[in-house]
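So the chains spell out like this:
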Amino acid sequence: MSSAYIDAIRRFEGFAAKAQWDYAQFTNGYGTRAAYPGEVIDRAEAERRFGAEVGAARAMVERAVPAADEGTKAALTSLTFNAGTAWIGSGLGDAVRRGDLDAARALILRYNKAGGETLPGLVKRRLEEAT
């Protein structure tokens, strides 16, 4: 995956050395799962974890939509890293598999909530992913 896409995910997530609650889990580094509440990591460990988790997200995307173009795979990798794999069995996954990118762009915008609340940061992130 292009470093520009990886850098975008890093930018969306931001860096936090100390673990913080993030709606469903404690995260630190660049939005990666913390080992325990309050854990503190350095940037080198953050990069290691980030690379592993982005790689795992990308592998899920490759299995789900192997024929998708690189930009679509990058957007879905970002979504998977951030929100999980529910999109695969949803209308978004169906739209990507049938090559309907206009529908996919509209559907990815719906993934803008955390804890049931629409978050401005997720709205912005999904808009960028949709492009």
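Coordinates for the structure precede this section.
Note that the structure is predicted; figures quoted are calculated from it, not measured. (Residues numbered from 1 in each chain as written. Predicted model: local features only at pLDDT ≥ 70, side-chain atom pairs only at ≥ 80, totals over all residues. Heavy atoms only, no water.)

K.L.:
When you look at the sheet that holds strand β2 (residues 26–29) in this model, what are you seeing that I'm missing?
P.N.:
Note: strands within a sheet are paired through backbone hydrogen bonds, in either parallel or antiparallel orientation. The strand order across the open sheet formed by 3 strands is β1-β2-β3, and the pairing between neighbours is antiparallel. Looking at the sheet topology across the chains shown, the edges are occupied by β1 (16–21) and β3 (32–33). Note: β1 against β2, 3 bridges, orientation antiparallel. Within β2, the position partnered with Gln20 by the bridge is Thr27. (Pairing = 2+ DSSP bridges. Helix = DSSP H or I, 4+ residues; strand = E, 2+ residues; numbered from the N terminus.)

K.L.:
How should the packing of helix α3 (residues 70–83) against helix α6 (residues 120–130) be read in this particular structure?
P.N.:
In a pair of packed helices, the angle between the axes and the distance between the axes together describe the arrangement. Orientation of α3 relative to α6, taken along the N-to-C sense of each, is 155 degrees, at an axis distance of 9 Å. Classified by the angle their axes make, α3 and α6 are roughly antiparallel. Seen along the crossing, α3 lies across α6 with a hand that is left-handed. Counting all contacts with α3, which are made through Ala75, Ser78, Leu79, Phe81, Asn82 and Ala83, the residues of α6 involved are Leu122, Arg125, Arg126 and Glu129. (Axes fitted to C-alpha atoms, helices over the stretch in contact; angles between N-to-C directions. Parallel < 35°, antiparallel > 145°, perpendicular 65-115°, else oblique. Left-handed = near helix turned anticlockwise from the far one by under 90°. Contact = heavy atoms within 4.5 Å.)

K.L.:
When you look at α6 in this model, what are you seeing that I'm missing?
P.N.:
At 3.6 residues per turn, the α-helix brings residues three or four places apart onto the same side. What α6 keeps buried is the set Leu122, Arg125, Arg126, Glu129 and Ala130. Viewed along the axis of α6, the buried residues span an arc of 135 degrees, placing them on a single side of the element. In this structure, α6 carries Pro120, Gly121 and Lys124 as exposed residues pointing more than 90 degrees from its buried face. Buried positions along α6 lie against α1 (3–13), α3, α5 (101–108) and β4 (113–114). (Buried < 20%, exposed > 50% of the residue type's maximum accessible area, 1.4 Å probe, protein only. Arc of directions from axis to C-beta.)

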